[in-house]
Amino acid sequence: MLAETGLPPTRLQLEITESVLLENNDTTRRALEALRRSGVGVVLDDFGTGYSSLNYLRRHLVDKLKIDRSFVRLLDQDSSSAAIVKALIDLAIALDVEVTAEGVETEDQKALLVGMGCHQMQGYLLAPPLEPAQLMLLPGLSPILSGPASIRA
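Note that the coordinates shown come from a computational prediction; the quantities given were computed from them, not determined experimentally. (Residues numbered from 1 in each chain as written. Predicted model: local features only at pLDDT ≥ 70, side-chain atom pairs only at ≥ 80, totals over all residues. Heavy atoms only, no water.)

**Looking at the overall build of the protein chain**
So, step 1. A tally of helices and strands in the protein chain yields nine helices and five strands.
So, step 2. For the protein chain, the N- to C-terminal ordering of α and β elements is α-β-α-α-β-α-β-α-α-β-α-β-α-α.
So, step 3. Taking all 153 residues of the protein chain together, the buried fraction comes to 29%.
So, step 4. The long-range share in the protein chain, meaning contacts at least 24 apart out of those at least 6 apart in sequence, stands at 57%. (Helix = DSSP H or I, 4+ residues; strand = E, 2+ residues; numbered from the N terminus. Buried < 20%, exposed > 50% of the residue type's maximum accessible area, 1.4 Å probe, protein only. Contact = heavy atoms within 4.5 Å.)

Right, here's the structure in full:
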């Protein structure tokens, strides 16, 4: 697909869940290693909501952790959620991987996340889910998405 679309591998991130890592078999490990060697990023999605184990992070190199919206939703209302989010951000920083917070809906959540060291966010505060044509209309994005690396719907 990368050759067909002309998208550089470094622009692609494959999101996997903890259940993929639970398989803990050589085929999965080799496939993830090959993807990373090719330049494709591996993102561990919804981290902390499944069978979380720090051993998975040590054994399977990932490029990014995504903090599930269930933690972010209560960030500004519940000290336990805030402590978990802060710990996940600190963990990502210590492992030298990027971290994205999902489900950011308020300015307070955004400010708390930035204060904790999280600078990548997803959620309705920033934009609702968009179709490719709508994405192209966002200010500043069309030059990034046009040209040989553009994704066709």
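**Comments concerning the nonpolar core**
So, step 1. In terms of nonpolar packing, the biggest core is built from 23 residues, with I67, V85, I89 and L113 touching the most fellow members.
So, step 2. Elements supplying a minimum of two residues to this core: β2 (41–47), β3 (64–67), α5 (69–72), α6 (79–94), β4 (98–101) and α7 (107–116).
So, step 3. Per element, the largest residue contribution to this core is five residues, and it comes from α6.
So, step 4. In this structure, I89 is in contact with I67, V99, L113, M116, G117 and C118, ignoring residues within four places of it in sequence. (Core = buried A, V, L, I, M, F, W, Y, C linked by side-chain atoms within 4.5 Å.)

**Regarding the pattern of salt bridges**
So, step 1. If you walk through the whole model with that rule in mind, you get six salt bridges.
So, step 2. Residue E15 is joined to K66 by a salt bridge in which the shortest nitrogen-to-oxygen separation is 2.7 Å. Here the residue E15 occupies a position in strand β1 (residues 13–16), and K66 occupies one in strand β3, the gap between them amounting to 51 residues.
So, step 3. Overall, the relative accessible area of 41% leaves E15 in the partly exposed class.
So, step 4. The partner of R29 in a salt bridge is D26, and the shortest N-O contact between them spans 2.8 Å. One end of the pair, R29, and the other, D26, are both in helix α3 (residues 26–38), three residues apart, so they sit about a helical turn from each other.
So, step 5. On the accessibility criterion, R29 (23% relative accessible area) is partly exposed.
So, step 6. A network of salt bridges, in which partner residues are shared, links E15, K66 and E102. (Salt bridge = Lys/Arg side-chain N within 4 Å of Asp/Glu carboxyl O.)

**Points about α6**
So, step 1. For α6, spanning 16 residues, the distance from its first C-alpha to its last is 22 Å, which sits close to the expected 22 Å at 1.5 Å a residue.
So, step 2. Listed in full, the buried residues belonging to α6 are S81, A82, V85, L88, I89 and A92. The buried residues of α6 occupy an angular sector of 130 degrees when projected down its axis, which confines them to one face. The exposed residues of α6 that point more than 90 degrees off its buried face are S79 and A94.
So, step 3. D96 occupies a position one or two residues after α6 and carries a positive phi of about 60 degrees. (Expected span 1.5 Å × (residues − 1). Arc of directions from axis to C-beta.)

**Examining the environment of S70**
So, step 1. Note on placement: S70 falls in helix α5.
So, step 2. Judged by its relative accessible area of 29%, S70 is partly exposed.
So, step 3. The spacing of S70 and G103 is 33 residues in sequence and 7.9 Å in space, taken between C-alpha atoms.
So, step 4. A polar side-chain atom of S70 sits 2.6 Å from a polar atom in the side chain of D68. (Polar contact = N/O pair within 3.5 Å; in protein donor to acceptor, adjacent residues only side chain to side chain.)

**Describing the confidence of the model for the protein chain**
So, step 1. On average, residues of the protein chain score 80 in pLDDT, and 78% of them reach the 70 mark or higher.
So, step 2. Confidence drops under a pLDDT of 50 for residues 143–153, and excluding neighbours within four residues, the segment shows 16 contacts in the predicted structure. (pLDDT = per-residue confidence, 0-100.)

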